[in-house]
Amino acid sequence: VDYPVFGRGPRDAQLKRAAFELRIGELSAPIATPLGWHLLERVNPADLSPELFKENWGRFRGVLITHAGSPVAANSERSLAEARALTGEIHAILKAGEPFAPIARFSNADPGGRDRAGDLGWVHRKTPGLPPHLVTAFLLDLGEVCVPAQTPACWIIIQPEPVPGPSLPRT
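First, a word on scope: everything that follows refers to the structure included in this document. Fair warning: this is a prediction, and the values are worked out from it, not measured in the lab.

Reading the values: rules and limits
Residues numbered from 1 in each chain as written. Predicted model: local features only at pLDDT ≥ 70, side-chain atom pairs only at ≥ 80, totals over all residues. Heavy atoms only, no water. Helix = DSSP H or I, 4+ residues; strand = E, 2+ residues; numbered from the N terminus. Contact = heavy atoms within 4.5 Å. Areas by Shrake-Rupley, 256 points an atom, 1.4 Å probe, with all protein chains shown as cover. Buried < 20%, exposed > 50% of the residue type's maximum accessible area, 1.4 Å probe, protein only. Axes fitted to C-alpha atoms, helices over the stretch in contact; angles between N-to-C directions. Parallel < 35°, antiparallel > 145°, perpendicular 65-115°, else oblique. Left-handed = near helix turned anticlockwise from the far one by under 90°. Nonpolar A, V, L, I, M, F, W, Y, C, P; charged D, E, K, R; others polar. Phe/Tyr/Trp six-rings, centres within 6.5 Å; stacked < 30°, edge-to-face > 60°. Salt bridge = Lys/Arg side-chain N within 4 Å of Asp/Glu carboxyl O.

### Thoughts on the overall build of the protein
Phase 1 of the analysis: The secondary structure content of the protein amounts to five helices and eight strands.
Phase 2 of the analysis: When the helices and strands of the protein are placed in sequence order, the string is α-β-β-β-α-β-α-α-β-α-β-β-β.
Phase 3 of the analysis: Contacts in the protein between residues at least 24 apart in sequence constitute 56% of all its contacts with a sequence separation of at least 6.
Phase 4 of the analysis: Carbon together with sulfur atoms contributes 57% to the accessible area of the protein, which is approximately 9800 Å² in total.

Here it is as structure tokens:
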């Protein structure tokens, strides 16, 4: 059975941990989980059909702009109106074709987002509870910049990435 492409995260943590410890081409020892026994082989995504990624997965970058009322990474120096204005300025710069990564590295309020240059990783289209701004991001063309979305915590701008993905574990 081929597992879909997946990124690091809390879901299926035991299998993911084992998969990411493997090198490309390496086969795991048997792994016992509540679902049964598994053998994983990590394969190079370049050897897979591009449709596997396109139909189910997207890789995105994001810039989060927070404000004083944000429940996450609050910016006590920025009002909601100032956050909205800054988001508009950043969006205009990105729409004009400036590279996303350096802007995310400089402007991102996401904890750790600056270090990742806004890299949100691989996202599965059918993830339960997928936020509306990521659902919308799947409708964008590679490199297109989404219209800024307001969430309870921040304003967010997302762009799909055309970069190669992580290796695909197999059982």
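Having seen the structure, we can now continue with the description.
### Some words on the environment of isoleucine 158
Phase 1 of the analysis: In this structure, isoleucine 158 sits in strand S7 (residues 155-160).
Phase 2 of the analysis: In this structure, the C-alpha to C-alpha distance between isoleucine 158 and glutamate 144, residues 14 residues apart in sequence, is 8.7 Å.
Phase 3 of the analysis: Excluding its chain neighbours within four sequence positions, the residues that come into contact with isoleucine 158 are Phe60, Arg61, Gly62, Phe100, Leu120, His133, Leu134, Ala137, Leu140, Glu144, Val145 and Cys146.

### What about unusual backbone geometry?
Phase 1 of the analysis: The phi dihedral of alanine 117 is positive, around 55°, even though this residue is not glycine.
Phase 2 of the analysis: For alanine 117, the location among the structural elements is in the loop between helix H4 (100-107) and strand S5 (119-124).
Phase 3 of the analysis: Its relative accessible area of 3% is what places alanine 117 among the buried residues.

### Let's talk about the packing of helix H3 (residues 80-95) against H4
Phase 1 of the analysis: Here H3 crosses H4 at 160°, and the two axes come no closer than 10 Å. With respect to H4, the axis of H3 lies roughly antiparallel. By crossing handedness, the relation of H3 to H4 is classed as right-handed. Only Phe100, Ile103 and Ser107 of H4 make contact with H3, whose side of the interface consists of Ile90, Ile93 and Leu94.
Phase 2 of the analysis: Here the contact of H3 with H4 is built from residues that sort into five nonpolar, one polar and no charged.

### With respect to the side chain of aspartate 119
Phase 1 of the analysis: With respect to the helices and strands, aspartate 119 occurs in strand S5.
Phase 2 of the analysis: If we ignore the near neighbours within four places in the chain, the residues touching aspartate 119 are Arg59, Phe60 and Arg61.

### Some thoughts on the packing of aromatic side chains
The description of an aromatic ring pair uses the distance of the two centres, along with the angle that the planes make with each other.
Phase 1 of the analysis: Applying the stated criterion to the full structure yields one aromatic pair.
Phase 2 of the analysis: Where phenylalanine 60 meets phenylalanine 138, the ring centres are 5.2 Å apart and the plane angle is 80°; that geometry is what we call edge-to-face. Residue phenylalanine 60 is located in strand S4 (residues 57-65), and its partner phenylalanine 138 is located in the loop between helix H5 (132-137) and strand S6 (149-150); the two are separated by 78 residues in the primary sequence.
Phase 3 of the analysis: Judged by relative accessible area, which is 1%, phenylalanine 60 ranks as buried.
Phase 4 of the analysis: For phenylalanine 138, a relative accessible area of 12% translates into the label buried.

### Description of the pattern of salt bridges
Phase 1 of the analysis: On inspection of all chains with the given rule, the structure shows four salt bridges.
Phase 2 of the analysis: Of the charged contacts in the structure, one is a salt bridge between arginine 23 and glutamate 26, with a shortest N-O distance of 3.8 Å.
Phase 3 of the analysis: The partner of arginine 61 in a salt bridge is glutamate 161, with the nearest N and O atoms 3.3 Å apart. Of the two residues, arginine 61 is situated in strand S4 and glutamate 161 in the loop between S7 and strand S8 (168-170); the sequence distance between them amounts to 100 residues.
Phase 4 of the analysis: Classification of arginine 61 by relative accessible area gives buried; the value is 16%.

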